[in-house]
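Results of the structural survey
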Amino acid sequence: MSERAEVDGPRLLRSLAAFAAIGATPAGGVNRQALSPGDRLARRLLAERALSRGFAVFQDAAANLFLRRAGADDTLPAVLIGSHLDSQPTGGRFDGALGTLSAFEVLEALEDAGVSTVRPVEVVAFTNEEGSRYAPGCMGSMAFAGLHPISEWQAAMAPDGERLEHELAATLGALPEATMRHARPDIFAFVELHIEQGPVLERENVPIGVVTAIQGTKWLEVTFTGEAAHAGTTPREFRKDAMAAAAHAIAALQATVMAEDPQARLTVGRLSLEPGSVNVIPRQVTFTIDLRHPDGIALADLEALVRTTCAIAGEQWGCTTAIRPLLDMAPGTFEPALISAIETACRSRGIACRQMTSGAFHDALFVNRIAPSAMIFIPCRDGISHNEAEFVEDRHVLLGAATLLDLTLDLANRTDALAGR
Ligand code: GLV
Ligand code: MN
Ligand code: MN
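Residues numbered from 1 in each chain as written. Chains lettered and ligands numbered in written order. Predicted model: local features only at pLDDT ≥ 70, side-chain atom pairs only at ≥ 80, totals over all residues. Heavy atoms only, no water.

**Observations regarding the side chain of Arg292**
We apply this condition: Every helix listed is a DSSP run of H or I at least four residues long, and every strand listed is a run of E at least two residues long, numbered separately from the N terminus. Here a polar contact is recorded for every N or O atom pair within 3.5 Å, except that within protein the pair must consist of a potential hydrogen donor and a potential acceptor, and residues adjacent in sequence are included only if both atoms are side-chain atoms. Residue contacts are defined here by distance: any two heavy atoms, one from each residue, within 4.5 Å place the two residues in contact.
Its location among the elements puts Arg292 in strand S11 (residues 284-293). Here Gly359 takes part through its backbone oxygen, which lies 3.3 Å from a polar atom of the side chain of Arg292. Setting aside anything within four residues of it in sequence, one finds Arg292 in contact with Gln215, Gly216, Thr217, Trp219, Gln263, Ala264, Arg265, Leu299, Leu302, Gly359, Ala360 and Phe361.

**Some words on the coordination of the manganese ion (ligand 2)**
Stated formally: Nitrogen, oxygen and sulfur within 2.8 Å of a metal are treated as its donors, or within 3.2 Å for sodium, potassium and calcium (Na, K, Ca); water is not counted, so a site can appear incomplete. Here the term buried applies to any residue with accessible area under 20% of the maximum for its type, exposed to any over 50%, and partly exposed to those in between, with areas from a 1.4 Å probe on protein chains only.
His84 (NE2), Asp95 (OD) and His194 (NE2) make up the full set of protein donors to the manganese ion (ligand 2), lying at 2.0 to 2.2 Å. All donors of the manganese ion (ligand 2) belong to a single chain; written as a sequence motif, their spacing is H-x10-D-x98-H. Here the manganese ion (ligand 3) and the manganese ion (ligand 2) are spaced 3.6 Å from one another, each receiving a donor from Asp95. Of the two residues, His84 sits in strand S3 (residues 78-84) while His194 sits in strand S6 (residues 187-195), which places them 110 residues apart along the sequence. Residue classification places His84 among the buried residues on the basis of a relative accessible area of 0%.

**Observations regarding the domain arrangement of the chain**
We count it as follows: Source of the domain bounds: an automatic or database domain assignment. Two parts lose some accessible area (1.4 Å probe) when they are put together, and adding that loss for both gives the buried area. The rule for a salt bridge is simple: a side-chain nitrogen of Lys or Arg has to be within 4 Å of a carboxyl oxygen of Asp or Glu. Lys, Arg, Asp and Glu make up the charged group, whereas Ala, Val, Leu, Ile, Met, Phe, Trp, Tyr, Cys and Pro make up the nonpolar group; the residues left over, Gly among them, are polar.
In terms of domains, the chain is made up of domain 1 (9-214 + 331-412) and domain 2 (216-329). Spacing between the C-alpha centres of domain 1 and domain 2 amounts to 34 Å. Taken together, the 16 residues of domain 1 in the interface contact 12 residues of domain 2. The junction of domain 1 with domain 2 conceals about 910 Å² of combined surface from both sides, 69% of it contributed by carbon and sulfur atoms. On inspection of domain 1 and its partner domain 2, the count reaches zero salt bridges. At the surface where domain 1 touches domain 2, the tally comes to two residue pairs in polar contact (both at pLDDT 80 or more). Of the residues that constitute the side of domain 1 that touches domain 2, the class distribution is 11 nonpolar, four polar and one charged.

**Some words on the coordination of the manganese ion (ligand 3)**
Looking at the manganese ion (ligand 3), one finds its protein donor set to be Asp95 (OD), Glu130 (OE), Glu130 (OE) and His386 (NE2), positioned 2.1 to 2.4 Å from the metal centre. Sequence spacing among the residues donating to the manganese ion (ligand 3) works out to D-x34-E-x255-H. Residue His386 is classed as partly exposed on the basis of its relative accessible area of 41%.

**Overview of unusual backbone geometry**
Looking along the chain, the bond that leaves Ala135 and enters Pro136 is cis, with omega of 0 degrees. Tracing the sequence through the fold places Pro136 in the loop between strand S4 (121-126) and helix H4 (139-144). Residue Pro275 is bonded to the preceding Glu274 through a cis peptide linkage, with omega at -5 degrees. By the element assignment, Pro275 lies in the loop between strand S10 (271-274) and S11. Located in the positive-phi region is Cys138, a residue other than glycine, with phi close to 60 degrees. With respect to the helices and strands, Cys138 occurs in the loop between S4 and H4. Its identity is not glycine, yet Asn205 carries a phi of approximately 55 degrees, on the positive side. Secondary-structure assignment places Asn205 in the loop between helix H6 (200-204) and strand S7 (208-214). Classification of Asn205 as exposed rests on a relative accessible area of 61%.

**Some words on the packing of helix H1 (residues 9-20) against helix H3 (residues 97-113)**
Geometry of a packed helix pair, given as the angle between the helix axes and the separation of the axes. Worth spelling out the cut-off: Where helices are involved, their axes are fitted lines through C-alpha atoms of the stretch in contact, as for all axes, and angles between N-to-C directions lie from 0 to 180°. With respect to orientation, any angle under 35 degrees is reported as roughly parallel, any angle over 145 as roughly antiparallel, any angle of 65 to 115 as roughly perpendicular, and every other angle as oblique. Left-handed describes a crossing in which the near helix is turned anticlockwise from the far one by less than a right angle; the clockwise case is right-handed.
Their axes nearest at 10 Å, the elements H1 and H3 cross at an angle of 140 degrees. Here H1 lies oblique to H3, going by the angle between them. Where H1 crosses over H3, the handedness of that crossing is right-handed. Residues Arg11, Leu12, Ser15, Leu16 and Phe19 of H1 form the contact with H3, whose participating residues are Ala97, Leu98, Leu101, Ser102, Glu105, Glu108, Ala109 and Asp112. Looking at the contact of H1 with H3, its residues break down into seven nonpolar, two polar and four charged.

**A few points about the packing of H1 against helix H11 (residues 394-412)**
Where H1 contacts H11, the two axes come as close as 10 Å, and the packing angle between them is 110 degrees. In terms of their interaxial angle, H1 and H11 are classed as roughly perpendicular. Remark: the crossing between H1 and H11 carries right-handed chirality. Between H1, through Gly9, Leu12, Leu13 and Leu16, and H11, the contact on the second element is made entirely by Asp394, Val397, Leu398 and Ala401. Of the residues contributing to the contact of H1 with H11, the split by class is six nonpolar, one polar and one charged.

**Notes on the site of ligand 1**
We count it as follows: We call a residue near a molecule or strand as soon as one heavy atom of that residue lies within 4 Å of the molecule or strand. The protein chains shown are the only cover counted for residues, whose accessible areas, like all others here, come from Shrake-Rupley with a 1.4 Å probe.
Near ligand 1 the following residues occur: Glu129, Glu130, Arg292, Ala360, Phe361 and His386. One of the side-chain nitrogen or oxygen atoms of Arg292 is found 2.7 Å away from an oxygen atom of ligand 1. At 2.8 Å from an oxygen atom of ligand 1 is found a main-chain nitrogen or oxygen belonging to Phe361. Burial of ligand 1 by the protein chains amounts to 94% of its free accessible area of 190 Å². Looking at the shell around ligand 1 residue by residue, the class counts come to two nonpolar, one polar and three charged.

If you want it as structure tokens, here you go:
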């Protein structure tokens, strides 16, 4: 006998707490970077839970992890739900974990209620969404969507000195009970629940955001190379100061990019220099630029501005300038039929929602290339994310998970194609 499936709130909150303990930082956040031992532990915990509930466990060559509950017609394309389990080095407890664990709660809720669905439902935890240990972000979902084979990044080196190739093999090897998937399964639709990571929902007191689009992102790595020289004896005209060039470029970009276009975002998040001695003029400075805009053409114009500004700064300080692209994500728009399905799910529970664009990138941006996709947002305190202080109210977690459950049930029982595809 089946009953109405409902999210088990206390179980989901316990689950979030259990995963937050893996890689927990003293300041209350999470450091569980992609393919690290902590990431492996989190994947293991999720896979063990899935096996104990009788769900099938798979992983693919990119170490994307899949947990499958069979459908009444298991040959039909699956409804895919989930997010990622990796975190920033000083990340919060919800970025990624919320969507992955809520998706698993959906599987458990269906199982508890004995509800069968026409289509199979799969939970996914994509590999390396954050991109902080190995750039670019969204490696797992890009590989899943067939945009880049994971082998393309094998030589990537983490700041801690580990090659991706080694860490990927260790991660795959740590889950021998998972069946290896060599071909991508057919996907009917993908839905990712996530925290907003911005201030809009909280400010407007709206518990659910229906994401219609994701803005574009480019990551660039800029290197100025000059000449190491004595700090005290070298006059201005002899200095080839890589740090001065970097400071000049960064200050010029910060003064123009966002000031001139309120939709633009520019961040210099990582900087290193050589040789790094108090009284030596820096020979080389390398820094990253994270550049975002909802409009792809405006984003390309911003990249051109970054290139010109850096070239001018390098020239002024006698340095060579090299710019290496690390990531290039075009903006994307989500499937209208899924957007309205989310709104219907909210309406039928009397939950207020509003449409919005995501300022953050997400795995759904890439899955959207191969299957209709959409995202559900919930508010986070003060809009803070990528920060150990990231906080979400329990009631919002439960509303987000309930919406995901209703939507999953709706999609997993549809036999007609989604409109527009
Ligand atoms: C995702 O982590 C992003 O940086 O947008
Ligand atoms: Mn995320
Ligand atoms: Mn993130």
